[in-house]
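# Overview (structure and organization)
The chain contents come next:
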Amino acid sequence: MIDFATYRMLAEKNGTPLYIFHEEEFLNNYDELVGCFRKAYPNYQISYSYKTNYTPYICRIIKNKGGYAEVVSDMEYTLAKRLGYTNDKIVYNGPAKGPMLEEHLLNGGINNIDNLSEALRICRLADENSGKIIKTGLRINVNLGRGSVSRFGLDPDSGDMERVLSELKKRENIRINGVHCHLSHARDLEAWSMRTELMLKSADRFVGGIPEYISLGSGMFGRMDDALAAQFGCNVPCYEDYAGVTMDKIAAHYLGGSEKPIVFSEPGATLISKYISFLTKVKDIKTVAGRTVAVTDGSFYNLGEISLKKQLPLTVIRNGDDNYHGEYDIVGYTCLEYDTMYRAYNGTLNGGDLLIFGNVGGYSIVSKPQFIRPNCPMVVIDKNGIIKEIMRGETFEDIFSKFVF
Ligand SMILES: Cc1ncc(COP(=O)(O)O)c(C=O)c1O
């Protein structure tokens, strides 16, 4: 990671707030994740979750490394195409796909049906293109029996699934070529082990033979600082642990045959979170009714939802040499009372101090609303140590121009 002098220089040159993408560390993380999974199952493949952070510079790195694009909207699909992806390396997921789904399917794209309406839509496409083979996968609603049930995908034992299968099978030019699932709030190893077993059963039941792919979705713990890991209150597994409870089972299931399915996981936060930091400046310190707040030129909106639940890694670069020690809530520029970026920071803060929040790569830039202020720029420190801007700051005009004046 970079030294204080470089952060000071960045603040001076680019202003604050500022996102910083650490490319080399990101590449190492990518290689470690892929390496652990491929060691156990060589046909493992990453399908990067665009919604988590669709910065084109980052998506292009993933493409250059051979990773697929996992998209859930026509907007993300258009970006993947613009980056040069062919459809066979784009995975279209999601419950409400846009009008580009048909083009995607006709061009041999990977698709996972979420619901009956989508299946009927694909049947219509197959009827209109009877000379063409249309391939599609199914999103399976995997229920681990832990009380919380996802709203996504098809319940394998439901009437909807029965109807989907019967409609798809009525068409000679439709092939079910894969199965997919994703679970949130189930990052533990037992959950990954169970989802793998359920997906192998689903592949046997709904695809038959050797599927072209099985996608296990995402929701792993990525690499993170110890202080952040400790806040999850559980053992935070490493990639090797995850590979051990998933890939071995899949390798054993398809042992012997010459054909093996591609096995995807769809990392988003897992891949990117740790490798973007957010640099912001303290604008004011004030005490109200015994509560001391440090007001910054950033916001929790810049950090993403995780900052509301966890204390993100924080580094302070002091501006002065004041020795007053106190407890501060570090807060944002918005008018929201709950815009707190860090709760009860213990130390010394002054106006002009620089703060570096770590682990802000996931669901931050893509979730920043145009509320009160436009978003700030992002620079990369690339693998050769060269710094360049990869996202300009939004302008007032970017925001005003969509309205009718
Ligand atoms: C279908 C799907 N794949 C992948 C992801 C990314 O998961 P994560 O950010 O936990 O890596 C999500 C996140 O919601 C998702 O819904």
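So, how was this worked out
- Residues numbered from 1 in each chain as written.
- Predicted model: local features only at pLDDT ≥ 70, side-chain atom pairs only at ≥ 80, totals over all residues.
- Heavy atoms only, no water.
- Domains from an automatic or database assignment.
- Contact = heavy atoms within 4.5 Å.
- Helix = DSSP H or I, 4+ residues; strand = E, 2+ residues; numbered from the N terminus.
- Nonpolar A, V, L, I, M, F, W, Y, C, P; charged D, E, K, R; others polar.
- Buried < 20%, exposed > 50% of the residue type's maximum accessible area, 1.4 Å probe, protein only.
- Pairing = 2+ DSSP bridges.
- Core = buried A, V, L, I, M, F, W, Y, C linked by side-chain atoms within 4.5 Å.
- 1 Å grid on protein atoms, 1.4 Å probe; cavity = no way out; pocket = protein on both sides within 12 Å on 5 of 7 lines; lining within 4 Å.
- Points joined across faces, edges and corners; volume = space filled by probe spheres on them.
- Near = heavy atom within 4 Å.
- Polar contact = N/O pair within 3.5 Å; in protein donor to acceptor, adjacent residues only side chain to side chain.
- Areas by Shrake-Rupley, 256 points an atom, 1.4 Å probe, with all protein chains shown as cover.
- Sits in = over half its atoms within 2 Å of the grid points.
- Expected span 1.5 Å × (residues − 1).

Our focus in this paragraph is the domain arrangement of the protein chain. Looking at the protein chain, the domain boundaries give domain 1 (4-20 + 274-398) and domain 2 (41-267). Centre-to-centre separation of domain 1 and domain 2, based on C-alpha positions: 35 Å. Contact with domain 1, which involves 17 residues of that partner, is made by 14 residues of domain 2. Of all the secondary structure elements, the ones that give two or more residues to the side of domain 1 that touches domain 2 are strand 16 (378-381) and strand 17 (387-391). Classifying every residue of the side of domain 1 that touches domain 2 by side-chain character gives nine nonpolar, four polar and four charged.

Let us now look at the pairing of strand 2 (residues 44-49). On a regular strand, each side chain points to the face opposite its neighbour's, so the side chains alternate between the two faces of the sheet. Of all six residues making up strand 2, six are buried, and the element is well covered by its neighbours. Residues Y44, I46 and Y48 line one face of strand 2 and the alternating positions Q45, S47 and S49 line the opposite face, and both faces are buried. Bridging between strand 2 and strand 9 (residues 262-265) involves three bridges; their strand directions are parallel. Within strand 9, the position partnered with Y44 by the bridge is V263. As defined by bridge partners, strand 2 adjoins strand 3 (residues 68-71) across three bridges and the pair is classed as parallel.

Attention now moves to the nonpolar core. Ranked by size, the top nonpolar core spans 100 residues in total, and within it F21, F37, Y50, L138, I330 and F357 carry the most contacts. Taken domain by domain, this core gets at least three of its residues from each of domain 1 (4-20 + 274-398) and domain 2 (41-267). Residues within four places of F21 in sequence aside, it is in contact with F26, Y57, I58, I61, I272, Y275, I276, M378, V379, V380, I381 and I390. Listed in part, the eleven residues of the second largest apolar core include Y7, A11, L279 and V379.

Before going further, it helps to spend a moment on empty space enclosed by the protein. Across all of its chains, the model carries one cavity of 30 Å³ or more by this definition. What the largest cavity holds in volume is close to 30 Å³. Looking at the largest cavity, the residues that line it are N93, G94, P95, N112, D114, R139, F152 and H180. Among the residues forming the lining of the largest cavity, the class breakdown is two nonpolar, four polar and two charged.

Not every one of the 14 residues close to the ligand is listed here, only the nearest: S218, E266, G268, A269 and Y363. Backbone polar atom of G268 to an oxygen atom of the ligand: 2.7 Å apart, as the coordinates give it. Expressed as a share of its isolated accessible area of 400 Å², the protein-covered part of the ligand is 86%. Judged by the fraction of its atoms near the pocket grid, the ligand is located in the largest pocket.

Our next topic: helix 2 (residues 23-40). An α-helical turn contains 3.6 residues, so any two residues separated by three or four positions project in the same direction. In this model, helix 2 (18 residues) spans 26 Å end to end at C-alpha, consistent with the 26 Å of a helix rising 1.5 Å per residue. The complete set of buried residues in helix 2 reads E23, F26, L27, N29, Y30, L33, V34, C36 and F37. Buried-residue contacts for helix 2 involve strand 1 (18-22), strand 2, helix 3 (56-64), helix 10 (239-253), helix 11 (269-272) and strand 16.

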